[in-house]
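Below are the chains, spelled out letter by letter.
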Amino acid sequence: MKLWDVNLWVYAFRTDSPFYGKASTAISESLERCEEFLFCPSVASSFLRLVTNSRIFKQPSSVSEAWTFLDWMEGHPLAVFADADPITYGIFKHICLVSLNCKSYSRFKGSHQ
């Protein structure tokens, strides 16, 4: 299962991106291999905020265009809707800390609880 970040979504959506070809190919090839992907509302929100922002793009995408892309992503048969409940977030945190072997985490743990 894939979890694509907002940058990949933006690059695959914006044909004026220098990474458009690579990003759209990466998504297309993944879908052709029938790899499921997580559709995350937080990534969708970030995507909308970025592609419709005139401070980021000289010609921002319309809200309608952006929603068409998001509707396609969400409705894709390989999309798995992801919502971060406390258990999901705990698993995410654990995987991140284990994969990073984050030794400095314990140093801050007591001060941020």
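Let me sum up the structure you'll find in this document. (Residues numbered from 1 in each chain as written. Predicted model: local features only at pLDDT ≥ 70, side-chain atom pairs only at ≥ 80, totals over all residues. Heavy atoms only, no water.)

**Remarks on the packing of aromatic side chains**
- The tally for this structure, following the rule as stated, stands at ten aromatic pairs.
- A ring pair is formed by Y11 and F19, whose centres lie 4.9 Å apart and whose planes are at 50°; its orientation type is tilted.
- What makes Y11 partly exposed here is its relative accessible area of 29%.
- Of the residues examined, F19 reaches a relative accessible area of 43% and is grouped as partly exposed.
- Here the aromatic cluster, defined as three or more aromatic residues joined through ring pairs, consists of W9, F13, F39, F47, F69, W72 and F81.
- The ring centre of F57 lies 3.9 Å from the NZ or CZ of R14, which sits over that ring. (Phe/Tyr/Trp six-rings, centres within 6.5 Å; stacked < 30°, edge-to-face > 60°. Buried < 20%, exposed > 50% of the residue type's maximum accessible area, 1.4 Å probe, protein only. Lys NZ or Arg CZ within 6 Å of the ring centre and 35° of its normal.)

**A word on helix α2 (residues 20-32)**
- For α2, built from 13 residues, the straight-helix expectation of 18 Å at 1.5 Å per residue is met to within 8% by its first-to-last C-alpha distance of 18 Å.
- A23, S24, I27, S30 and L31 are the residues of α2 that are buried. The buried residues of α2 occupy one face: seen down the axis, they fall within an arc of 130°. Opposite the buried face of α2, at more than 90 degrees from it, the exposed residues are K22 and E32.
- On its buried face, α2 sits against α1 (6-13), β1 (37-39) and α4 (63-75).
- With its phi angle positive at about 60°, C34 sits one or two positions after the end of α2. (Helix = DSSP H or I, 4+ residues; strand = E, 2+ residues; numbered from the N terminus. Expected span 1.5 Å × (residues − 1). Arc of directions from axis to C-beta. Contact = heavy atoms within 4.5 Å.)

**Overview of unusual backbone geometry**
- One non-glycine residue with positive phi stands out, namely C34, at about 60°.
- Its place among the elements puts C34 in the loop between α2 and β1.

**Structural notes on the pattern of salt bridges**
- If you walk through the whole model with that rule in mind, you get three salt bridges.
- One salt bridge in this structure joins D16 and R14, with 2.6 Å as the shortest N-O distance.
- One connected set of salt bridges, linked through shared partners, spans K2, R33 and E35. (Salt bridge = Lys/Arg side-chain N within 4 Å of Asp/Glu carboxyl O.)

**Quick notes on the environment of V6**
- Secondary-structure assignment places V6 in helix α1.
- Its relative accessible area of 17% is what places V6 among the buried residues.
- If we ignore the near neighbours within four places in the chain, the residues touching V6 are V43, S46, F47 and L50.

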